[in-house]
Amino acid sequence: MTERETRIGEAAGRAELPTAHPGAVPDVLAQARRRRTFAVISHPDAGKSTLTEALALHASAITEAGAVHGKSGRRGVTSDWMEMERDRGISVTSAALRFGYRDVVLNLLDTPGHADFSEDTYRVLEAVDCAVMLLDSAKGLEPQTLKLFDVCRSRRIPVITFVNKWDRPGREPLELLDEIEQRIRLRPTPVVWPVGVAGDFRGLIERDTGEFTAFTRTPGGTGRAIEEHLAADEAAARHGAIYETAVEELALLDEIGATVDLKSFLAGESSPVLFGAALPNFGVRRLLEALRELAPAPEPRQDAEGAPRPVQAPFSGLVFKVQANMNQAHRDRVAFVRVCSGRFERGMVLTHAATGRPFATKYAQAMFGQDRQTLDVAYPGDVVGLVNATALRPGDTLYESEPVRFPPIPSFAPEHFAVVRCKDSAKHKQFRKGIAQLDTEGVIQVLSSDLRGDQAPVLAAVGPLQFDVTVSRLEREYGVPAQLDHLGYTIARRTDADSVPALAGQSGVEVLTRRIDGALLALFADKWRLASVQRDHPGVRLETLLAGAD
Ligand code: G4P
């Protein structure tokens, strides 16, 4: 076996040893080991949509680049279901793409690309085993990338780095590596090394073998780039001093030990780095290969008690996203479930852990962008779309035969608050229905209090775009014109009933109930107000909520 084959074997076999599990379904372990479930994290405009298309193109999932996302007049499949998205050119919804590449099955979970709208992204990261951190070669680490990277680190998600847009002027590769190391304390370990600086890209040197791959653009840039493989001496003769510079840089990397290391990658300490350009499809196939070789296969997921659910145990799945009215023609509600263990078969009757009720799966679908196909079978790592899943909420567990409940998906600390009112008093019933629906989907958090009443709940958001989505969906899907009045709070803390008397009546402070789970949240105008309350009432419970920027 070659060293690389051994590595692939290790990556695939790491899931767990094939111990006999009572009730284990044959084939599940082998199928799970073929899965690579990942998301791309990046700052808007780094090229996530372009890379998604390029990956799917290389993996032959679609025939023409541009069939996945709907930006700039490209044929939209995934994300053009909402007019607002189209107008703004941003992706607000998530989709899951599944495609085969050689002997593996890749599940790419799409994350919203807008800097403001991050709560949904965090939920998607609960459902992946690996992330691709996409950097613009001219910009390096940007704010949204840093925020998302923090979530990956806290969840111990291994990160592969792809430096994009190498076809146009950018920064020095060593400088970019240095930035990664210094700013996020992640040890970069290049898998390939670019010959020629960004903007004058000649090709990639494979660090393992020294082989050189040159790229030629295909006309229009929409197809796979033409790859030409050269031995080191041929490449040196062709590219002269530029090639020598790359070789010198490689020697430096060897000297400092910046070599791909599976163990530290999986521990979240190092990151394999690739260079390329998604638009002309340079280095995209190499990224697929890196995912195949290095990304972890699904592993046992810990349940709420901390016990791992073996991959080959009977079916279990985590709802990580719920989306209503994705398809205007059907006005249905889809719950996206990540398979955690066992084999999913359409028609199975599962148990909904939160209620103990049976859940029929007759309408299981695979979502390829907005194209839907009936899905008959799925394995750990795959995503199943369950249609008309009215009872399901993000964070819920579904299982077959052996009960399990996964820990709830943490809800993030809202930083923006607004009262929402229905502008048309005749539509109050629809207004309440719409608000309740968007709350269960997790589009927005809904807070209320006796004082404010039912007519004017408070909406709480991690990013202000969530408000726009809420108002737009109330209007479009429920025919309800709604009005927002922004409130001057910026901080939320979890509190309890015993603390309410001390908080009541304080200026710049309000206690509200989160409808979805009944949690009591204390809202503060700013951190000074919070600090003074903490000082004056040290016995009051004011617990930090999980937050991106809290
Ligand atoms: P996003 O989803 O991360 O927000 O980014 P998106 O893929 O939409 O890419 C943002 C812009 O960067 C697009 O240009 C896209 O064509 C360009 N881009 C992406 N990858 C590369 C690359 O490897 N090289 C170069 N040169 N450009 C790249 P745009 O002009 O904003 O949009 P469009 O009209 O091209 O769609």
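What comes next is a walk through the structure. The structure presented is a predicted model; accordingly, all values stated were derived computationally and were not measured.

Scoring rules and cut-offs
- Residues numbered from 1 in each chain as written.
- Predicted model: local features only at pLDDT ≥ 70, side-chain atom pairs only at ≥ 80, totals over all residues.
- Heavy atoms only, no water.
- Helix = DSSP H or I, 4+ residues; strand = E, 2+ residues; numbered from the N terminus.
- Buried < 20%, exposed > 50% of the residue type's maximum accessible area, 1.4 Å probe, protein only.
- Contact = heavy atoms within 4.5 Å.
- Areas by Shrake-Rupley, 256 points an atom, 1.4 Å probe, with all protein chains shown as cover.
- Pairing = 2+ DSSP bridges.
- Salt bridge = Lys/Arg side-chain N within 4 Å of Asp/Glu carboxyl O.
- Polar contact = N/O pair within 3.5 Å; in protein donor to acceptor, adjacent residues only side chain to side chain.

### Side note on the overall build of the chain
On a plain count of helices and strands, the chain comes out with 14 helices and 31 strands. Taken over 550 residues, the chain has a buried fraction of 57%. Sequence-distant contacts in the chain: of pairs separated by 6 or more residues, those separated by 24 or more amount to 71%. Taken as a whole, the chain presents about 22200 Å² of accessible surface, with 49% of it coming from carbon and sulfur.

### As for the sheet that holds strand β31 (residues 543-544)
As summarised here, the arrangement of the eight strands in space is β27-β24-β26-β25-β29-β30-β28-β31, forming an open sheet in which the pairing is antiparallel. Pairing within the sheet leaves two strands with one partner each, and these edge strands are β27 (482-486) and β31. Pairing of strand β25 (residues 445-448) with strand β29 (residues 509-514) involves two bridges; the strand directions are antiparallel. Its bridge partner being in β29, serine 448 is matched across the sheet by threonine 513.

### Here's the deal with unusual backbone geometry
The residue arginine 102 is not glycine, and still its phi comes out positive at about 50 degrees. Mapped onto the fold, arginine 102 is located in the loop between β2 (96-101) and β3 (104-109). At arginine 156, a position not held by glycine, the phi torsion is positive, near 55 degrees. Along the chain, arginine 156 turns up in the loop between α6 (143-154) and β5 (159-164).

### Overview of the pattern of salt bridges
Per the stated rule, a full pass over the model turns up 30 salt bridges. Among the ionic pairs, arginine 346 bridges to aspartate 376, the shortest N-O distance being 2.9 Å. Of this pair, arginine 346 sits in the loop between β16 (344-345) and β17 (349-352) while aspartate 376 sits in the loop between β20 (371-374) and β21 (377-378), and the two are 30 residues apart along the sequence. A salt bridge links aspartate 485 to arginine 421; the shortest N-O distance between them is 2.6 Å. Taken together, the residues aspartate 485 in strand β27 and arginine 421 in strand β24 (residues 416-422) connect sequence positions 64 residues apart. Judged by its relative accessible area of 36%, arginine 421 falls in the partly exposed class. Within this structure, Arg102, Asp103, Glu289 and Arg292 form a network of salt bridges that share partners.

### Looking at the environment of glutamine 455
Within the element layout of this structure, glutamine 455 appears in the loop between β25 and β26 (458-461). Sequence separation between glutamine 455 and cysteine 422 is 33 residues, and the spatial gap between their C-alpha atoms is 7.6 Å. With residues near it in sequence (within four places) discarded, glutamine 455 still touches Val420, Arg421, His428 and Phe431. Only 3.2 Å separates the side chain of glutamine 455 from the side chain of histidine 428, close enough to count as a polar contact.

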